[in-house]
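Next come the chains, spelled out residue by residue.
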Amino acid sequence: MDFGRPQQGERVRLRMRNLYILPTRFGWLWLSGTVLLQVIGVQMQSNGTLLLSFLMLSLFLLTLHLTHFNLQGVELGCGTPAPGFAGAPVPYPIRLRCPGRSEGVRLRLGGEASGPPLSLAAGEHELAVAWTPLARGWQRPGLLRIQTTAPLGLFCCWSRWHPETAQLIYPARRAGPVRLLAAGSAPLVGEPALASRQDGSDDWRDLAPHRPQDSPSRLAWKLLAQGRGEYAKRFLDRPEAAPLLAPEPGLPLETALEHLSERIWSWHGRGLSYGLELNGQTVAPGRGVLHRDRCLTALACCR
Amino acid sequence: MSGAAAPLQWLTMGLLAVGLLGLSPALSLSLLAFGLAVLTALKLREARSLEERRVVALLQLVCAGLLAALRPELAPSLLQGLAILMALAGLLALELGAGPDWKALLRRSLQVLLAAMPIALVLFLLLPRLMPFTNFGAGQGMGAMTGLSDSMEPGSIARLAVSRQAAARVAFPLGGEPPPLEQRYWRVMVHERFDGRSWRSAAPSFARPAAGQPAPPPPPAAPGEGIQLWLIEPSGLAAVPWSGSGRPLSADLNLQRSGELLNRAPGSQRRVYALTEKSDQSGWRTAPPGPIDLLLPLGENPRLEALAAGWRRLGSNRERLDAATGWFRGQPFRYTLEPGALPRQAPLDHFLFESRLGFCGHYASAFTTLMRAAGVPARVVSGYRGGQWVQPVGGTGYVDLRQADAHAWSEVWLDGEGWRRVDPTAWAAGDPLARSGAAGAGSRAGGGPLDWIQQQWWGLDIAWARWWLGYDGEQQQALVARLLGDRSHLLGVVVLLAVAVSLAAGLGGLGWLGRRRRGDPLRLELERTLRAFARQGMAPAAGETLPVFAQRLQQRWPALSGPLEAFVAHYQQQRFAGVPGPIGRRQARRLGRALRRSLRAGNRSQNAVQREHP
């Protein structure tokens, strides 16, 4: 079931006016089963069959309301969405405030398949609903469909809503050529923890008293064997020139941005330093999550 | 889809299969039920998607409905109810996601069923019943199962097996009394057609459906009239037992001229029917005999005919009957279940003048033949005699008839009186009824506890038959008439209102059930206790911990220190226990109750002290 006027606005409260309810195919089948049992009951003059038929009819009437109660009074709102990449499923936070218990709730954003049915107790819930953005930039996730068929699957109750909060979408990650520019600034000293984990065997620099959290491979075994106490070796990375990344000339801008996005992601994963030059604006070379996000945001918002 | 869905649905299939076991395969509707059950099982086996599994649940419900039509008795009905509960739980498991376990699903299923029941009952009780569309299925295909058959040939039976199988039960729900033991003759079939060897019934073996319009329902029993409620086990016969007096209360029952009561109710294998207890309109007693009631192949039993020829000279039928009675009483007849087979030549001569051993069939057959030879219209009637009176705990008493109670006797036509019952078996030495009568009516009650349980169960069964199976269109009309009087045109409005009210009640009840379980039971218990103290003006201050507050309470009520300490210690221990269990909760409830009780008791004694020393 998927029709009806979508709701707009920051928050939506589901009520009579914006909830739709209709029997499912199974519901119609259930009614025909009821009629069949009624016929058998009349023909055989059997009280049990007649009562079962009336029972099925009254279950039909009852679940009409029970299904509606699942969504009645539920308030929908948005959380603060975290950025994600285009072309891959991205979680979008939906806040639900249920006045009572809501059963079998399925949420669906855009053209995605709906998730598993959820049983929500009364109170606030924040659910992550996946959607797949196609373009970069500040994107709205499209139509949110909330529906339930609980408890018996005889009725489908649903509502539709356009969440207003936009989500920042980085360009999709696709491997490809990237232009490297010489760094405009001096090489910088990386964060020590990251550096020593990356290529710690580069240069031995000095010794420090061994702490329990130090790796055994850092232990100066020779000194220990000589009985001079427990020391850990300290290493330092070889300072390297951090390049500036720029779009590969000759490629369409979107493709070049996707290559840049992939390069930034993989270099960040390897702990390398990099800068970014885009449309004449420069992000100075650096490392770390904040730096990566600054670069990716610049890619996402590039015009 | 919950993991419990598939096991629940298979369990439902199992229950339905057990319910199918008792069906007779001869009935076409039971073949339909078999087929439907097999198809449902196959569908369940190959079902993968949610949609298919839902359809399986619906098929299971339809299957249960078919079974309910075929087996309306108490025990199968309980089984069907369980199957319906399970099928609903399976359907719930499909919808509610992976969360709930078996127990929760079954509880939920029961809640939903209970909530839906009021509407169903309103519709069931108030909606007018429709008549069956056709008479399809009436009286077909019931195998012969009882000790009675429409042909009786005692001479060929050397040894009569005594079966303790249940045959029928008759209850007198409106405070009626069963007739005394020696008067308990329940007639089933009348055998008029005699070929010298066997007695046959002239009536058709099952009733023909009434042509054209169905007969109008007979008026219900008058208040003081009393009712006999019969429950009979499946038999191949359309004729059903009755006492010979009374008026059938259902249009399905048809009283023949011969005094046979034919049932043409469709379908059901076991039948329930009601008669008024006493009635003056038993016209069959005075229906005059026809030539068939004197029919006798001459020359078969020469000595018998010679004996009867002497009585022929007597003036009236009554004198002939007296003569035959006197002769029978004078002979050394003896009752036995193993008389040996009679010779093919002159069998009744052999029985009457040589062996003088036999069971009821021999006596009825020989006596009736004698009377016919003497020119008195006579016929053999078969049915049941006696039966044990059972009074279940807290239920309606009933007479329990077994196949061993099957009996045959004679009826002779007396001018001015009509058909009179004569039981020649009673004149023989060793008649079982006379013996059991001498030993007291309860001689068969000496069974073990199993018999006792069975008797109680049958008592329930009678109640079930009376209140549930007996609720038919006429009862429904009587109920509507009682509720609405002459304003029956308002029935539609009343039904709609009642449905709306019961729907609201069902929804409210479900909401209440859902709320009742909300919240932490330990916390609820604590709040209940704190409220009790708050009523006495003691409430915890802001930021005060429970032990500190408890100390404050102890200072005010020193007598409470014992239960207070126990409650607080247990609360703290449970609150910070790793896994709070149900035993701990129960203990908390017990301690809390004890604390509140001692608080009340302390206040009472304090008040009493204040009153004494103002």
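Being a predicted model, the structure only gives us computed values, none of them experimental.

Before going further, it helps to spend a moment on the overall build of chain A. In terms of helices and strands, chain A carries 6 helices and 18 strands. Buried residues in chain A amount to 36% of all 303 residues. Here the contacts in chain A between residues at least 6 apart in sequence split such that 70% fall between residues at least 24 apart.

Let us look at the overall build of chain B. Looking only at helices and strands, chain B has 17 helices and 16 strands in total. Here chain B holds 614 residues, and 37% of them are scored as buried. Look at the contacts in chain B between residues 6 or more apart in sequence, and 75% of them connect residues 24 or more apart.

Axes are the key here: two packed helices are described by the angle between their axes and the distance separating the axes. At a closest axis distance of 10 Å, the pairing of helix α1 (residues 25–44) of chain A and helix α3 (residues 50–70) of chain B adopts a crossing angle of 10°. Taken together, the axes of α1 of chain A and α3 of chain B lie roughly parallel to each other. Between α1 of chain A and α3 of chain B, the residues in contact are F26, L29, W30, G33, L36, L37, I40, G41 and M44 of chain A and E51, R54, V55, L58, L61, V62, G65, L66 and A69 of chain B, respectively. Grouping the amino acids of the contact of α1 of chain A with α3 of chain B by side-chain chemistry returns 13 nonpolar, 3 polar and 2 charged.

Residues and elements named next belong to chain B. Summarising burial for strand β2 (residues 166–171): 5 of the 6 residues are buried, a large majority. As defined by bridge partners, β2 adjoins strand β14 (residues 398–402) across 5 bridges and the pair is classed as antiparallel. By the bridge assignment for β14, A166 is matched with R402.

Before going further, it helps to examine the packing of helix α2 (residues 28–46) of chain B against α3 of chain B. Residues and elements named next belong to chain B. Contact geometry of α2 with α3 gives a least axis separation of 9 Å together with a crossing angle of 160°. One way to sum up the angle between α2 and α3 is to call them roughly antiparallel. Helix-helix and strand crossings are classified by hand; for α2 and α3 the assignment is left-handed. The residues of α3 that touch α2, namely those facing L29, S30, L32, A33, L36, A37, T40, K43 and L44, are E52, V55, V56, L59, Q60, V62, C63, L66, L67, A69 and L70. Grouping the constituent residues of the contact of α2 with α3 by class yields 15 nonpolar, 3 polar and 2 charged.

On to the sheet that holds strand β1 (residues 12–13) of chain A, then. All names here are of chain A. Spatial strand order, β1-β3-β5-β8: 4 strands in an open sheet with antiparallel pairing. Single-partner strands in this sheet number two, and they are β1 and β8 (123–131). Two elements, β1 and strand β3 (residues 75–78), share 2 bridges in a ladder whose sense is antiparallel. Bridge pairing in β3 places R13 opposite E75.

Okay, the sheet that holds strand β5 (residues 227–232) of chain B next. All names here are of chain B. Read across the open sheet, the 5 strands follow the order β9-β5-β2-β14-β13; overall the sheet is antiparallel. Unpaired on one side and paired on the other, β9 (271–276) and β13 (388–390) mark the two borders of the sheet. Neighbour-to-neighbour, the strand axes of this sheet turn through a mean angle of 25°, independent of strand direction. Pairing analysis gives 4 bridges linking β2 to β5, with the strands arranged antiparallel. Looking at β5, one finds that R169 is bridged to L231. In the packing of helix α11 (residues 449–469) onto the sheet, contacts are made with β2, β5, β9, β13 and β14, and the angle to β5 comes to roughly 115°.

Moving on, we get to α11 of chain B. Taking 1.5 Å per residue as the helical rise, α11 of chain B with its 21 residues ought to reach 30 Å, and the 28 Å between its terminal C-alpha atoms agrees with that figure. Inspection of α11 of chain B places W458, G459, D461, I462, A465, R466 and L469 of chain B among the buried residues, and these make up the whole buried set. Buried positions in α11 of chain B, seen along its axis, are confined to an arc of 160° and lie on one side of it. Residues of α11 of chain B that are exposed and angled more than 90 degrees away from the buried face: P449, I453 and W467 of chain B. At its buried positions, α11 of chain B is contacted by α2 (47–71) of chain A together with α4 (74–95), β2, β5, β9 and β14 of chain B.

With 17 residues, helix α1 (residues 5–21) of chain B extends 25 Å from end C-alpha to end C-alpha; this agrees with the ideal 24 Å at 1.5 Å per step. In the core, the buried residues of α1 of chain B are packed alongside α2, α3, α4 and α5 (102–126) of chain B.

The subject of this paragraph is the interface of chain B and chain A. Listed by partner, the interface residues are 43 residues for chain B and 41 residues for chain A. In terms of residue count, α3 of chain B provides more of the side of chain B that touches chain A than any other element does, 11 residues in total. Here the residues of the side of chain B that touches chain A sort into 31 nonpolar, 8 polar and 4 charged.

This part takes up the nonpolar core. Residue and element names in this part refer to chain B. With 89 residues, the main nonpolar core has L16, C63, A64, L66, A87 and A93 as its most contacted residues. With 14 residues, the top contributor of residues to this core is α3. Setting aside residues up to four positions removed in sequence, C63 forms contacts with L16, A33, L36, A37 and T40. L342, C360, A364 and M371 belong to the second-largest nonpolar core, a separate cluster that totals 72 residues.

All names here are of chain A. Mean pLDDT over chain A works out to 85, with 90% of the residues at or above the 70 mark. Mean pLDDT across the secondary structure elements of chain A bottoms out at helix α3 (residues 192–198), with 39, and peaks at strand β2 (residues 20–23), with 95. pLDDT under 50 marks residues 185–199. Its contacts with residues more than four places away, or in other chains, come to 21 contacts.

All names here are of chain B. Mapping A550 onto the fold places it in helix α15 (residues 546–556). When the C-alpha atoms of A550 and P540 are compared, they prove to be 9.0 Å apart, with 10 residues separating the residues in sequence. Discounting chain neighbours no more than four positions away, the residues touching A550 are L564 and V568.

Quick look at the confidence of the model for chain B now. All names here are of chain B. With 83% of its residues at a pLDDT of 70 or more, chain B shows a mean pLDDT of 80. For the stretch residues 136–146, pLDDT sits under 50, and the model shows 30 contacts to residues farther than four places along the chain or on other chains. Low pLDDT, under 50, characterises residues 209–213; the stretch is placed with 4 contacts to residues that sit more than four places away or in other chains. Both scores are given for the predicted complex: the pTM is 0.68, the ipTM 0.76.

The subject of this paragraph is unusual backbone geometry. The omega angle of the peptide bond from A150 of chain A to P151 of chain A is 0°, so this bond is cis rather than trans. By secondary structure assignment, the location of P151 of chain A is in the loop between β10 (144–148) and β11 (155–161). In this structure, A346 of chain B takes a positive phi of about 45° despite not being glycine. On the secondary structure map, A346 of chain B appears in the loop between β10 (334–335) and α8 (347–355). The backbone phi angle of R356 of chain B is positive, close to 55°, even though this residue is not glycine.

All names here are of chain A. Relative to strand β12 (residues 167–170), strand β4 (residues 84–85) runs parallel, the two being bridged by 2 bridges. Following the sheet pairing, F85 is matched in β12 by Y170. Across 3 bridges, the pairing between strand β9 (residues 137–139) and β12 is antiparallel. Bridge assignment links W138 to a residue of β12, and that residue is L168.

Conventions used here
Residues numbered from 1 in each chain as written. Chains lettered and ligands numbered in written order. Predicted model: local features only at pLDDT ≥ 70, side-chain atom pairs only at ≥ 80, totals over all residues. Helix = DSSP H or I, 4+ residues; strand = E, 2+ residues; numbered from the N terminus. Buried ≥ 20, exposed ≤ 12 C-beta atoms within 10 Å, placed from the backbone. Contact = placed C-beta atoms within 7 Å. Axes fitted to C-alpha atoms, helices over the stretch in contact; angles between N-to-C directions. Parallel < 35°, antiparallel > 145°, perpendicular 65-115°, else oblique. Nonpolar A, V, L, I, M, F, W, Y, C, P; charged D, E, K, R; others polar. Pairing = 2+ DSSP bridges. Left-handed = near helix turned anticlockwise from the far one by under 90°. Expected span 1.5 Å × (residues − 1). Arc of directions from axis to C-beta. Core = buried A, V, L, I, M, F, W, Y, C linked by C-beta atoms within 7 Å. pLDDT = per-residue confidence, 0-100.

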